[in-house]
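Structure assessment
Here are the chains, one letter per residue:
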Amino acid sequence: MTISITPKTKKVHVYYTTSPNAGALQWLEQSQTSGKQKPFLFTQSQAILARTWVPCMDGPGVRFTYTATIRTRPDLAAVMSAAGNSGTKTADGVYKFEMKQPIPSYLLALGVGDLEFRPLGHRGGVYAEPNVVEKAAYEFVDLEKMISAAEELYGPYRWERYDLLVLPPSFPFGGMENPRLTFATPTVLAGDRSLVALVAHELAHSWSGNLVTNATWDDFWLNEGFTVYFEQRIMEKLYGREHSEMLATLALKDLKETIEELGATSPDTHLKLNLKGRDPDDGMNDVAYNKGYFFLRLCEETFGREEWDGFLKEYFNENAFKPMTTELFLKHLNTYFKDTSKKESLHINAWVYAAGIPDNCPQPQSSEFEKVSAKIEAMKNGTPAVQLQTQGWTTHHWLYFIRNLPDSLKLEKLIEIDYAFYFTRSGNQEILCEWFQRCIKAKYETANGPMRNYLMNVGRRKLIKPIYTELAKTPEGKAWAKEVYTKARPGYHSVSYNTIDDILK
Ligand code: BES
Ligand code: ZN
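Residues numbered from 1 in each chain as written. Chains lettered and ligands numbered in written order. Predicted model: local features only at pLDDT ≥ 70, side-chain atom pairs only at ≥ 80, totals over all residues. Heavy atoms only, no water.

1. Details of the coordination of the zinc ion (ligand 2)
At this site the zinc ion (ligand 2) is bound by His201 (NE2), His205 (NE2), Glu224 (OE) and Glu224 (OE), with donor distances of 1.9 to 2.8 Å. Around the zinc ion (ligand 2), the six donor atoms are arranged such that angles at the metal cover 52 to 158°; this shape is classified as irregular. If you list the donors of the zinc ion (ligand 2) from N- to C-terminus, the spacing comes out as H-x3-H-x18-E. Of the two residues, histidine 205 is situated in the loop between α3 (197-204) and β12 (212-214) and glutamate 224 in helix α4 (residues 220-239); the sequence distance between them amounts to 19 residues. Overall, histidine 205 belongs to the buried group, its relative accessible area being 0%. (Donors = N, O, S within 2.8 Å, 3.2 Å for Na, K, Ca; no water. Tetrahedral: all angles 85-135°; square planar, octahedral: opposite > 155°, others 65-115°. Helix = DSSP H or I, 4+ residues; strand = E, 2+ residues; numbered from the N terminus. Buried < 20%, exposed > 50% of the residue type's maximum accessible area, 1.4 Å probe, protein only.)

Right under this line is the structure:
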C-alpha cells in the first residue's frame, strides 16, 4: 500500500477490514477448543503475518504504540499484548487496550475466547479456558520466581505485568513472547512442571527481543540466541546447574541434527542470515537458537560470568526499545571488552559468518544423562528394559533416553521398551513426538492409533513436523500421513499447514 502525503500531512487514517483468511488469524469452531463449548480466535504475527490483519510497517526495525477497542460476544473475553487485560469478562463484550511502549508489529497480538484468569503473584497470572485454567495455574506456579530471577540477572522488568495465555491445541508454536501477555501451547502443561523452560524463554524475550529487537530477520539470532542463553540462566538459578546442563545437552544434539539436515556448508547455518527474497519463516531455524546460545555461552566462559553479565545488563539497558544489528552488537562487544587475546580466541567470524559448529563450542556436562547412557548400554548388553532402574527420571531423562536409543533398534526391542515404559500412552507430547519417530522407523503399527489421535489434536509445528517428515520417507508412510493429514489440516494454523503441505506434496 502506498499513501501519498504532502509536507503538511500530520495524520493518515486507514479504514480497513481484514480478510477471514488472514494468515495471522485462526478462527476456531467450538469443537477445536479445549472446552469444546465456545469459539476462539487468536493471532500469530511473527514473523511477517501482522500485515495480514492490520495495515502496518511490518518489519522488526519499526515500532509503534497502539490503542484498540475489541467488541465480542459477552460470553467471550478479549485479551491483547497491551495494558487493559483485567482478568474478568465485561457485561457488554467491549474491551479497551493501550500499549504505551513502542513495539514492533510482530508483537501485536489478540486472543478471544471463553477465558478465565488465575493470578500468580502480584504482577502475573494466567488466562485459559475454564477446563484448563487450574492445570495451567499449577504448572506455572514458579512464575514470580522466574521474573525475580530474570530481574536479578539483567535489570528491571519493564512491561509492568507478565501474564500468560494458554491457547487451544492448534497454536502453532510452543510460546510467543507477546509483550505483557505470552501466548503458550497447551502441550506445555505436562502436569509435572517439567516443561516450564518455555516460560523462562518467553519471559527472557521481555529483554532480548522485546526491548532490544533484531533490526531485520537476518539478525534473528539476536532475539533467539540471547533468549535461549538468558532462559538457561534463569533455569540454572531456579533449578540448579545440573538441570540447565541437561537442557544444554539436548540443545547441542538438536543443533547437530539441524546442521546435518541443512548441510554442513549451508549459509542457513550462519548466525547472520541472508533471507533476501525469501519468506523469513523458511530460513529461521534452530541455528539462531542453539548456535546463538553456544556462542554467547562461549563469551561467558571466555570473559568470566561476572564481566559478561555486566556487559549484558548494560547492553539491554542502553539499547532498550531500539533495533539491533549483528554488526552493532559485535561493535558493542569489541568496545566493552579490552582483552584482545580473549576476543581473538572466540573466533567470532566462524560463529557469525560461517557454517557449522566451530571447534571451540562449549561442551555441556550432565551427570544425569551419563547415567541414562549407562542404562542404554546395559540394555544393549542384554539387560531387559523392565529391569532398568529409572526411578526419579524426569521428562528430560526420557527424552534423552529415546533420542539415544540405537538407530538400528529392532521391532521386538521397541515393543519390549514400550511394555516397560508405556511411551505410546504417555500424556507428554514432547515424549510422544520423540517416541513416534522411533515407532515409524521400526514400523511399530500399534502406535498408529495413538499417533493419528496426536496428529489430529496437536497443532504445534515443532511437534508435528518431525513426524510427518519421518512418515514421508516411505511410500506407505506417506500415504498414511496424507490420509490423516486430510482430516487434521483444517484444525491447523496456517503457519503449521504451510510447512506440512510442503513435506507431503
Ligand atoms: N518467538 C518465538 C516463536 C517464533 C519464532 C514465531 C519465529 C514465529 C517465528 C518464540 O519465542 C519461541 O522461540 N518459541 C519456541 C519455544 C522455546 C522454548 C524455544 C517454540 O515455539 O517452540
Ligand atoms: Zn524465542
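2. Examining the site of ligand 1
Close contacts around ligand 1 come from 17 residues, with Gln46, Gly174, Glu177, Glu202 and Tyr289 the closest. The contact in question runs from an oxygen atom of ligand 1 to an N or O atom on the side chain of histidine 201, over 3.1 Å. Between ligand 1 and the protein, one listed contact pairs an oxygen atom with a side-chain N or O atom of tyrosine 289 at 2.7 Å. Listing elements by their share of the shell around ligand 1, those giving two or more residues are β10 (175-176), α3 and α4. Looking at the shell around ligand 1, the element that brings in the most residues is α3, giving three residues. Across the shell around ligand 1, the residue classes tally to six nonpolar, six polar and five charged. For the shell around ligand 1, the two domains that each supply at least three residues are domain 1 (25-186) and domain 2 (212-352). (Near = heavy atom within 4 Å. Polar contact = N/O pair within 3.5 Å; in protein donor to acceptor, adjacent residues only side chain to side chain. Nonpolar A, V, L, I, M, F, W, Y, C, P; charged D, E, K, R; others polar. Domains from an automatic or database assignment.)

3. Brief notes about the domain arrangement of the protein
Under the domain assignment, the protein is made up of domain 1 (25-186), domain 2 (212-352) and domain 3 (367-504). A straight line from the C-alpha centre of domain 1 to that of domain 2 covers 27 Å. Between domain 1 and domain 2, the contact holds 22 residues from the first and 28 residues from the second. Summed over both sides, the interface between domain 1 and domain 2 buries roughly 2100 Å², with carbon and sulfur atoms accounting for 66% of that surface. In terms of surface lost to domain 2, no three residues of domain 1 exceed Pro60, Leu153 and Tyr154, which account for 34% of the buried area on that side. Linking domain 1 to domain 2 there are one salt bridge. (Contact = heavy atoms within 4.5 Å. Buried area = accessible area lost by both parts, 1.4 Å probe. Salt bridge = Lys/Arg side-chain N within 4 Å of Asp/Glu carboxyl O.)

4. Some details on the state of the cysteines
Using the criterion set out here, one finds zero disulfides in the structure. Unpaired in this structure, cysteine 299 has its nearest cysteine sulfur neighbour in cysteine 361, at a distance of 12 Å. For cysteine 299, a relative accessible area of 0% translates into the label buried. As a non-bridged cysteine, cysteine 433 has cysteine 439 as the owner of its nearest cysteine sulfur, 11 Å distant. (Disulfide = S-S within 2.5 Å.)

5. With respect to the sheet that holds strand β4 (residues 77-80)
Pairing within the open sheet is antiparallel, and its four strands lie in the order β1-β2-β6-β4. Edge strands, defined here as strands with exactly one partner in the open sheet, are β1 (25-28) and β4. On average, each strand axis in the sheet is inclined to that of its neighbour by 10°, with strand direction left out of account. The pairing of β1 with strand β2 (residues 40-43) spans four bridges and is classified as antiparallel. Bridge pairing in β2 links glutamine 26 to phenylalanine 42. (Pairing = 2+ DSSP bridges. Axes fitted to C-alpha atoms, helices over the stretch in contact; angles between N-to-C directions.)

6. Side note on the packing of aromatic side chains
Tallying each qualifying case throughout the model produces 46 aromatic pairs. Centre to centre, the rings of tyrosine 157 and tyrosine 162 are 6.2 Å apart; their planes meet at 80°, and the pair counts as edge-to-face. What makes tyrosine 157 buried here is its relative accessible area of 9%. Since its relative accessible area comes to 1%, tyrosine 162 is described here as buried. Residues tryptophan 398 and phenylalanine 423 carry aromatic rings whose centres are separated by 5.4 Å and whose planes lie at 75° to one another, so their mutual orientation is edge-to-face. With a gap of 25 residues between them, tryptophan 398 in helix α13 (residues 395-403) and phenylalanine 423 in the loop between α14 (411-421) and α15 (429-442) connect regions that are remote in the sequence. For phenylalanine 423, a relative accessible area of 3% puts it in the buried group. The lysine or arginine in question, arginine 489, covers the ring of tyrosine 497, its NZ or CZ lying 4.1 Å from the ring centre. (Phe/Tyr/Trp six-rings, centres within 6.5 Å; stacked < 30°, edge-to-face > 60°. Lys NZ or Arg CZ within 6 Å of the ring centre and 35° of its normal.)

7. So, helix α7 (residues 286-303)
The terminal C-alpha atoms of α7 lie 25 Å apart, and with 18 residues this matches the ideal 26 Å at 1.5 Å per residue to within 8%. With 15 of its 18 residues buried, α7 lies for the most part within the structure. Sitting at the head of α7, asparagine 285 places a side-chain oxygen 2.7 Å from the backbone nitrogen of valine 287. Glycine 304 lies just past α7 and shows a positive phi near 95°. (Expected span 1.5 Å × (residues − 1).)

8. Focus: the side chain of serine 208
Inspection of the secondary structure puts serine 208 in the loop between α3 and β12. Looking at serine 208, its side chain comes within polar contact range of the side chain of threonine 227, at 2.7 Å.

9. Details of the environment of threonine 52
Position of threonine 52 relative to the elements: it lies in the loop between β2 and β3 (63-71). Of the residues examined, threonine 52 reaches a relative accessible area of 27% and is grouped as partly exposed. Dropping the residues within four chain positions of it, threonine 52 is found in contact with Thr18, Ala22, Gly23 and Ala24. Side-chain polar atoms of threonine 52 contact the backbone nitrogen of glycine 23, separated by 3.4 Å. A distance of 3.0 Å separates the side chain of threonine 52 from the backbone nitrogen of alanine 24, its partner in a polar contact.

10. Describing the side chain of threonine 258
Along the polypeptide, threonine 258 turns up in helix α5 (residues 241-262). Excluding residues that lie within four positions of it along the chain, threonine 258 makes contacts with Asn285, Asp286 and Val287.

11. Some details on the nonpolar core
Counting residues in each nonpolar core, the largest one holds 119 residues, and the members touching the most others are Phe140, Ile234, Trp308 and Phe329. Composition of this core by domain shows at least three residues from each of domain 1 (25-186) and domain 2 (212-352). For phenylalanine 329, the contacting residues outside a window of four places in its chain are Trp221, Leu222, Phe226, Phe295, Leu296, Phe311, Tyr315 and Met324. Counting residues in each nonpolar core, the second largest holds 48 residues, with Met379, Trp393, Phe436 and Leu463 among its members. (Core = buried A, V, L, I, M, F, W, Y, C linked by side-chain atoms within 4.5 Å.)

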